[in-house]
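# Coordinate analysis (summary)
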Amino acid sequence: MPKPVLDLSGQVALVTGASSGIGAATAKALGEAGARVAVNYRGDRDGAERVVRAIEAAGGEALAVEADVSDENAVAELVARTIQAYGDLHILVANAGLQKDAPAESMTLADWNTVIGVNLTGQFLCCREAIRHFLERGPQPSLSRAAGKIICMSSVHQVIPWAGHVNYAASKGGIMLMMQTLAQEFANRKVRVNAICPGAIKTPINKEAWGTPEALEKLLRLIPYGRVGEPEDVANAVVWLASDLSDYVTGASLFVDGAMTLYPEFRDGG
Ligand code: NAD
């Protein structure tokens, strides 16, 4: 067996929600690893173009593609445009997500549906479209041992219940079993599906949790490793899961959380 490498040259990646935060860092990291990258965005064209320019400045190739991942036709078009531009698709990072927080007793059905629609149904639609392409094309051993790699952006809240965020926690819990089911269903056709579960990462989605010294101090009590995560911490894990270095890994949830899920309140004996 040839020695597996982190190099993604010749492969094409699609990252959803890539105009900011974790998605932007992931698109750049995949570009640096040699993949050509479709940078999906919704609304923030400037943000997406900045990511494209950063990838190009580092010697890579990228294009910005607008699509709402909760819209079935838009997702079909997003994948089709990626394949049209670069001839193929090998890596999907289903990253787009949002929060609409409220106490459960006053949460509107619209806010429930929006979060489930983007975070869970949106990931399913992207996975389904990518898997259709991976199955049709089959493996290309000169590029990768797998026919396709999917990385679902989940959260520590796929296992930590989160009061005041029932729609978000339900969407992430759903991603866990969606990811495992897809991994089980398609392993024999050489499609790998994994999830990354970030803890607290400094991005626009959770600025109120780290934006002031008081909030930061409170947050750090939950993170034994002693720092808030950076988008690059997650992006580096994505590159590994997209490469053949992780070829025997499928159906896994990789926690990138500075030990947040290790019951920090028990550090002193509980
Ligand atoms: P972010 O707000 O910077 O990124 C989310 C991106 O998704 C944005 O670019 C947004 O425009 C995009 N998006 C929202 N709705 C969309 C839609 N319908 N179609 C296409 N794109 C859409 O925040 P982030 O922290 O980078 O979040 C990225 C992912 O990481 C999310 O799935 C989030 O749940 C997950 N996550 C983040 C943290 C954290 O601490 N930041 C922790 C755990 C999980």
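Below you will find a few notes about this structure. Please read these numbers as outputs of a predicted model, since none were measured by experiment.

### Re the packing of aromatic side chains
Considering all chains together, one arrives at two aromatic pairs under this definition. Taken together, a centroid distance of 5.6 Å and an interplanar angle of 70 degrees make the contact between Trp 162 and Tyr 168 edge-to-face. In this structure Trp 162 comes out as partly exposed when scored by relative accessible area, which is 29%. Given the relative accessible area of 9%, Tyr 168 is considered buried. Seen from their ring centres, Tyr 263 and Phe 266 are 6.2 Å apart, and the 90 degrees between their planes marks the pair as edge-to-face. One exposure class covers both Tyr 263 and Phe 266, and it is exposed.

### A word on the packing of helix 1 (residues 21–32) against helix 8 (residues 231–242)
Their axes nearest at 8 Å, the elements helix 1 and helix 8 cross at an angle of 50 degrees. One element, helix 1, and the other, helix 8, form an angle in the oblique class. Considering how the two elements wind past one another, helix 1 and helix 8 form a crossing that is right-handed. Each of Gly 21, Ile 22, Ala 25, Thr 26, Ala 29 and Leu 30 in helix 1 lies in contact with helix 8, whose residues at this interface are Pro 231, Glu 232, Val 234, Ala 235, Val 238, Val 239 and Ala 242. Across the contact of helix 1 with helix 8, the residue classes tally to ten nonpolar, two polar and one charged.

### Quick notes on the pattern of salt bridges
Applying the stated criterion to the full structure yields ten salt bridges. Between Asp 247 and Arg 192 there is a salt bridge whose closest N-O contact spans 3.8 Å. Highlighted residues: Asp 247 in the loop between helix 8 and strand 7 (253–256) and Arg 192 in strand 6 (residues 191–198), separated in sequence by 55 residues. Note on Arg 192: relative accessible area 4%, which makes it buried.

### A short note on the pairing of strand 4 (residues 91–94)
Side chains Ile 91 and Val 93 project from strand 4 onto one buried face, and the interleaved Leu 92 and Ala 94 project onto a second face that is buried too. With three bridges joining them, strand 1 (residues 12–15) and strand 4 adopt parallel strand pairing. Bridge pairing links Ala 13 to Ile 91 in strand 4. In this structure, strand 4 lies alongside strand 5 (residues 148–153), joined through four bridges in parallel fashion. Its bridge partner being in strand 5, Leu 92 is matched across the sheet by Ile 150.

### A closer look at the packing of helix 3 (residues 72–86) against helix 4 (residues 109–137)
In contact at an axis separation of 9 Å, helix 3 and helix 4 are set at 40 degrees when each is read in the N-to-C sense. Our classification of the angle between helix 3 and helix 4 gives oblique. Crossing of helix 3 against helix 4: the hand is right-handed. Each of Glu 72, Val 75, Ala 76, Val 79 and Ile 83 in helix 3 lies in contact with helix 4, whose residues at this interface are Leu 125, Cys 126, Arg 128, Glu 129 and His 133. Its residues assigned to classes, the contact of helix 3 with helix 4 comprises six nonpolar, one polar and three charged.

### With respect to the site of the ligand
Contacts to the ligand come from 28 residues, most closely from Ser 20, Ile 22, Asn 95, Tyr 168 and Thr 203. Interatomic distance of 2.6 Å between a side-chain N/O atom of Tyr 168 and an oxygen atom of the ligand. A distance of 2.9 Å is found between an oxygen atom of the ligand and a side-chain nitrogen or oxygen belonging to Asn 206. Within the residue set of the shell around the ligand, elements represented by two or more residues are helix 1 and helix 5 (166–186). Along the lines of polarity and charge, the residues of the shell around the ligand split into 13 nonpolar, twelve polar and three charged.

What counts, and where the lines are drawn
Residues numbered from 1 in each chain as written. Predicted model: local features only at pLDDT ≥ 70, side-chain atom pairs only at ≥ 80, totals over all residues. Heavy atoms only, no water. Phe/Tyr/Trp six-rings, centres within 6.5 Å; stacked < 30°, edge-to-face > 60°. Buried < 20%, exposed > 50% of the residue type's maximum accessible area, 1.4 Å probe, protein only. Axes fitted to C-alpha atoms, helices over the stretch in contact; angles between N-to-C directions. Helix = DSSP H or I, 4+ residues; strand = E, 2+ residues; numbered from the N terminus. Parallel < 35°, antiparallel > 145°, perpendicular 65-115°, else oblique. Left-handed = near helix turned anticlockwise from the far one by under 90°. Contact = heavy atoms within 4.5 Å. Nonpolar A, V, L, I, M, F, W, Y, C, P; charged D, E, K, R; others polar. Salt bridge = Lys/Arg side-chain N within 4 Å of Asp/Glu carboxyl O. Pairing = 2+ DSSP bridges. Near = heavy atom within 4 Å. Polar contact = N/O pair within 3.5 Å; in protein donor to acceptor, adjacent residues only side chain to side chain.

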